[in-house]
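Spelled out from the first residue to the last, the chains are:
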Amino acid sequence: MTDAATTNSSTPTDLRGGEEQALEQLAGAYGRMRTEIGKVIIGQEQTVEEILIAMFCQGHCLLVGVPGLAKTLLVSTIAEILELTYHRIQFTPDLMPSDITGTDILQEDPQTGRNSFQFLEGPIFANMLLADEINRTPPKTQAALLEAMQERHVTAGSHTYPLPHPFFVLATQNPIEQEGTYPLPEAQLDRFMFNIVVNYPSADEELLILKQTTGAETPQLAQALSGEQILELQSLVRQVPVAEHVFVYARNLVRATRPDETEAPAFIKEYASWGAGPRAGQYLILGGKARALLAGRFHVTTEDIRAIAHPVLRHRLLTNFHADTEGITVDDIIDMLVKEIRPPQETRAEQLLR
């Protein structure tokens, strides 16, 4: 494996030297990250890929899974190999907004003897923030965090304090225990780029987990990327070209989730009460760009859009009572949607054959 010092000296700001070199830079960084994460996290390949895609798109993630699936360990491991400042907040019902963002405190100047207010930064001032069990805190505190996620700054009194760059929020949520929780409103859920479902490991993965986590050996992690290099890669994602038919496909997919649209399929009108907004289309395109780069391509395909449709649309599509009574989940509807909405080039090919 590449030495950490060599990694940091060879990856920095050479990303403008052409497409091939840029792709090699990102592929090397992605490979190193997957290798280091794999030393601690067994399986969860899709979860890791989706988190890294969101990270390179400057997006935030909501991780939904039952306790014990290493969600917190995954986030802390990513922060460790990326040379990022990392803070964890355990959300509780008595948590106040100032406990997250920080507050002004009155301090005396030892030289002049005068009292003045000084801002004391909260844990949100970090490159990576883990909001553990975000739905256990009241809406007022949730809103303080989600405002910072969108605006990337904190306002205290009459002053505004910028958050560090890069800045990511990875929030966790337990889908089982709902007593004493405050579900995130849909408008606040929309701030998250991805809603990632963390599933149970397979039988082979679980056996490997038992073997690797019950011994005395502690894995040693090497640094994979710095904050400056992540910013370079985020800039590279924005430069990936997208063909017109891919834009059209992303637009059609999002518009088809809205029951009031004429182009919505019959099952959407039957099972959905509300669809996704334009932000979903933006995240489909950005996520498709990042996925293409991670696959070694400098262009986006409709398959890239299909691959991230679930984490992008999962928290932006609301089911109605009819769907609930029939046991139709949001993921079921997205499955039907991806099959129903065909890419423009496939539709044109069928028309030519006819």
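Our structure is the block above this text.
These lines cover the structure that appears in this document, whether it is placed above or below. Computed from a predicted model, the values in this text were never measured in an experiment. (Residues numbered from 1 in each chain as written. Predicted model: local features only at pLDDT ≥ 70, side-chain atom pairs only at ≥ 80, totals over all residues. Heavy atoms only, no water.)

Re the sheet that holds strand 1 (residues 61–64)
Okay, step 1: Reading across from one edge, 2-5-8-1-9 is the order of the five strands in this open sheet, with parallel pairing throughout. The sheet terminates laterally at strand 2 (86–90) and strand 9 (194–197), the two strands that pair on one side only. Direction aside, neighbouring strands of the sheet carry axes that sit 20 degrees apart on average.
Okay, step 2: The strands that helix 4 (residues 71–81) touches are strand 1, strand 2, strand 5 (128–132) and strand 8 (168–173); relative to strand 5, the one it contacts most, it runs at about 170 degrees. (Pairing = 2+ DSSP bridges. Helix = DSSP H or I, 4+ residues; strand = E, 2+ residues; numbered from the N terminus. Axes fitted to C-alpha atoms, helices over the stretch in contact; angles between N-to-C directions. Contact = heavy atoms within 4.5 Å.)

A short note on helix 12 (residues 278–294)
Okay, step 1: The end-to-end C-alpha distance of helix 12 is 25 Å, a good match for the 24 Å that 17 residues give at a rise of 1.5 Å each.
Okay, step 2: Counting buried positions along helix 12 yields 13 of 17 residues, so the element is predominantly enclosed.
Okay, step 3: Looking one or two places after helix 12, you find G296, whose phi comes out positive at around 85 degrees. (Expected span 1.5 Å × (residues − 1). Buried < 20%, exposed > 50% of the residue type's maximum accessible area, 1.4 Å probe, protein only.)

Here we look at helix 16 (residues 330–340)
Okay, step 1: What helix 16 keeps buried is the set V330, I333, I334, L337 and V338. Down the axis of helix 16, the sector holding all buried residues measures 135 degrees, keeping them to one side.
Okay, step 2: Looking at the buried side of helix 16, the elements it contacts are helix 10 (244–255), helix 11 (266–271), helix 13 (302–307), helix 14 (309–313) and strand 11 (318–319). (Arc of directions from axis to C-beta.)

Focus: the packing of aromatic side chains
Okay, step 1: Scanning the model with the defined rule gives two aromatic pairs in all.
Okay, step 2: Ring plane angle 70 degrees and centroid distance 5.9 Å describe the contact between F119 and F125, whose orientation is recorded as edge-to-face. Take F119 and F125: they sit in the same class, and that class is buried.
Okay, step 3: Ring centres 4.1 Å apart and planes at 10 degrees place the aromatic pair F119 and Y161 in the stacked group. (Phe/Tyr/Trp six-rings, centres within 6.5 Å; stacked < 30°, edge-to-face > 60°.)

Section: unusual backbone geometry
Okay, step 1: The omega angle of the peptide bond from H165 to P166 is -5 degrees, so this bond is cis rather than trans.
Okay, step 2: Note on placement: P166 falls in the loop between strand 7 (159–162) and strand 8.
Okay, step 3: One non-glycine residue, E133, adopts positive backbone phi at about 55 degrees.
Okay, step 4: With respect to the helices and strands, the residue E133 is situated in the loop between strand 5 and helix 6 (139–151).
Okay, step 5: Given the relative accessible area of 23%, E133 is considered partly exposed.

Some points on the nonpolar core
Okay, step 1: Membership of the largest hydrophobic core comes to 79 residues, with the highest contact counts inside it found for F56, L82, M128, F194 and I305.
Okay, step 2: Setting aside chain neighbours within four positions, we find M128 in contact with M55, V75, I78, A79, L84, T85, Y86, H87, F168 and L170. (Core = buried A, V, L, I, M, F, W, Y, C linked by side-chain atoms within 4.5 Å.)

Notes on the side chain of N127
Okay, step 1: If you trace the backbone, N127 turns up in the loop between strand 4 (115–121) and strand 5.
Okay, step 2: A distance of 2.8 Å separates a polar side-chain atom of N127 from the backbone oxygen of P166.
Okay, step 3: In this structure, N127 is in contact with L84, T85, P164, H165, P166, F167 and F168, ignoring residues within four places of it in sequence. (Polar contact = N/O pair within 3.5 Å; in protein donor to acceptor, adjacent residues only side chain to side chain.)

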